[in-house]
Structure formats: C-alpha cells, structure tokens
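Structural characterization, general
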Amino acid sequence: MSTAPRRTQSNQVPLSDLVLEQGALGAAMLVPKQAEILIRDAHPQLFTTSMHRDIFAAIGSLGSQNLDYTLLISEMERHGTHVAMDVIAHLDDGVVPEIPMSFRIERLKELYRRRCLASLAEDLMAWVYAPFASSSEIIRRIHAILGDIAK
C-alpha cells in the first residue's frame, strides 16, 4: 500500500446549488404547508449565501401562515438586512409548488453533508501533519464529526 499522497483529476461536482436554495425559499413563499416543512426540517447551514440564510431566518420569524413578500422584506430590514424588492419578488421564479419540500430539503442536506466532508478532508490534512499527532485521537475526531454529519 502506497503512503504517498494521491492527487486525482476528476470532474468536480459543485457543492452548492443556488437555484435549488432559491426554489426551496420560493416554494415556501407560495405555499404555507411548504413553508411549515421548511421551517421545521431545514437549518441555516443548508443555505450557502448569507442572503439565502437571511431569507430563511425571516421566513422562520414570520411563520408559515404569515408569509408575504412585503412582510418578508420588512422582517429582513428589521434585522438589519437590506434587500431589494426585485430580489425577493423573483424567489419563486420557475418553482413548481407541487414538488414536495421534503425532496428539496433532502437535496440541500446532501449538498450540506458533502460540504462538511470536504471541510473534514481539509482538516484531516492539518491534523495528520501536526507535530505530536496521535492517530487514535484523529480517528476519534473523525468518528465524532462523521456522526454529526450523518444526522
């Protein structure tokens, strides 16, 4: 077994999908039941831009039954985030409300887990090459982090 670092060139799949994020937020704006599921089952780290995280937070603050584009903008500005009406007004562009929110959230969670794994891989390199590194401690850390990612 070789211990030399391996570098492979492969087609890299993006670890984020801004259109998917926007679609989940837009579906929540269109259908209160979709918003309820998003608020209940999602978390801010599923969203990769601060704007999407802020929109998600505002949706959560307003609740599933009180969503409207003007209220959303008002809530965001109340929390110090300025957003243009045309940005919010286009959240639901291309959204098919009949697609279950659970499907959207599962796809967002998969991308989130992949981002976590990529981050773990970066951390692992630093841990392995650290002075006085302990393989058993590194393995313990990996197991703990993998457990969190799997949730």
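Just above sits the structure.
Residues numbered from 1 in each chain as written. Predicted model: local features only at pLDDT ≥ 70, side-chain atom pairs only at ≥ 80, totals over all residues. Heavy atoms only, no water.

**Points about the packing of aromatic side chains**
Scanning the model with the defined rule gives 1 aromatic pair in all. Over the ring of W127 we find R141; its NZ or CZ atom is 4.7 Å from the centre of that ring. (Phe/Tyr/Trp six-rings, centres within 6.5 Å; stacked < 30°, edge-to-face > 60°. Lys NZ or Arg CZ within 6 Å of the ring centre and 35° of its normal.)

**Let's talk about the side chain of S64**
With respect to the helices, strands and loops of the structure, S64 is situated in the loop between α3 (50–62) and α4 (69–78). Setting aside chain neighbours within four positions, we find S64 in contact with P32, A35, E36 and I39. (Helix = DSSP H or I, 4+ residues; strand = E, 2+ residues; numbered from the N terminus. Contact = heavy atoms within 4.5 Å.)

**A look at the packing of helix α1 (residues 18–30) against helix α6 (residues 101–129)**
One can describe the packing of α1 onto α6 by two numbers: an axis separation of 10 Å at closest approach and a directional angle of 150°. Comparing the axis directions of α1 and α6 gives the class roughly antiparallel. α1 and α6 meet at a crossing whose hand is left-handed. The segment α1 lies against α6, with L20, E21, G23, A24, A27 and A28 engaging M101, R104, R107, L108 and L111. Residue composition of the contact of α1 with α6, grouped by class: 7 nonpolar, 1 polar and 3 charged. (Axes fitted to C-alpha atoms, helices over the stretch in contact; angles between N-to-C directions. Parallel < 35°, antiparallel > 145°, perpendicular 65-115°, else oblique. Left-handed = near helix turned anticlockwise from the far one by under 90°. Nonpolar A, V, L, I, M, F, W, Y, C, P; charged D, E, K, R; others polar.)

**Examining unusual backbone geometry**
One non-glycine residue, F132, adopts positive backbone phi at about 60°. One can find F132 in the loop between α6 and α7 (135–150). Taking the relative accessible area as the measure of exposure, F132 reaches 85% and is therefore exposed. (Buried < 20%, exposed > 50% of the residue type's maximum accessible area, 1.4 Å probe, protein only.)

**Notes on α7**
Taking 1.5 Å of rise per residue, the 16 residues of α7 would be expected to cover 22 Å, and the 22 Å separating its terminal C-alpha atoms lies within 8% of that figure. Within α7, the full set of buried residues consists of I138, I142 and I149. Along α7, the residues classed as buried sweep out an arc of 35° about the axis, all on the same side. Of the exposed residues in α7, those oriented more than 90 degrees away from the buried face are S136, H143 and D148. (Expected span 1.5 Å × (residues − 1). Arc of directions from axis to C-beta.)

**Some thoughts on the side chain of E21**
In this fold, E21 is placed in helix α1. It turns out E21 is buried and unbridged, and the closest side chain with the opposite charge, R115, is 5.0 Å from it. (Lys, Arg positive; Asp, Glu negative; His and termini not counted. Salt bridge = Lys/Arg side-chain N within 4 Å of Asp/Glu carboxyl O.)

**Quick look at the packing of α1 against helix α2 (residues 32–41)**
Across the interface, α1 lies against α2 with an axial gap of 5 Å and an inter-helix angle of 130°. By the angle between their axes, α1 is oblique relative to α2. Helix-helix and strand crossings are classified by hand; for α1 and α2 the assignment is left-handed. Counting all contacts with α1, which are made through A24, L25, A27, A28 and L30, the residues of α2 involved are P32, Q34, A35 and L38. Class assignment of the residues belonging to the contact of α1 with α2 gives a composition of 8 nonpolar, 1 polar and no charged.

**Brief notes about α3**
For α3, built from 13 residues, the straight-helix expectation of 18 Å at 1.5 Å per residue is met to within 8% by its first-to-last C-alpha distance of 18 Å. Buried residues of α3: H52, I55, F56, A58, I59 and L62, and no others. The buried residues of α3 occupy one face: seen down the axis, they fall within an arc of 160°. On its buried face, α3 sits against α1, α2, α4 and α5 (85–89). G63 sits one or two residues past α3 and shows a positive phi near 90°.

Such coordinate-based values are descriptive only and should not be taken to indicate function.
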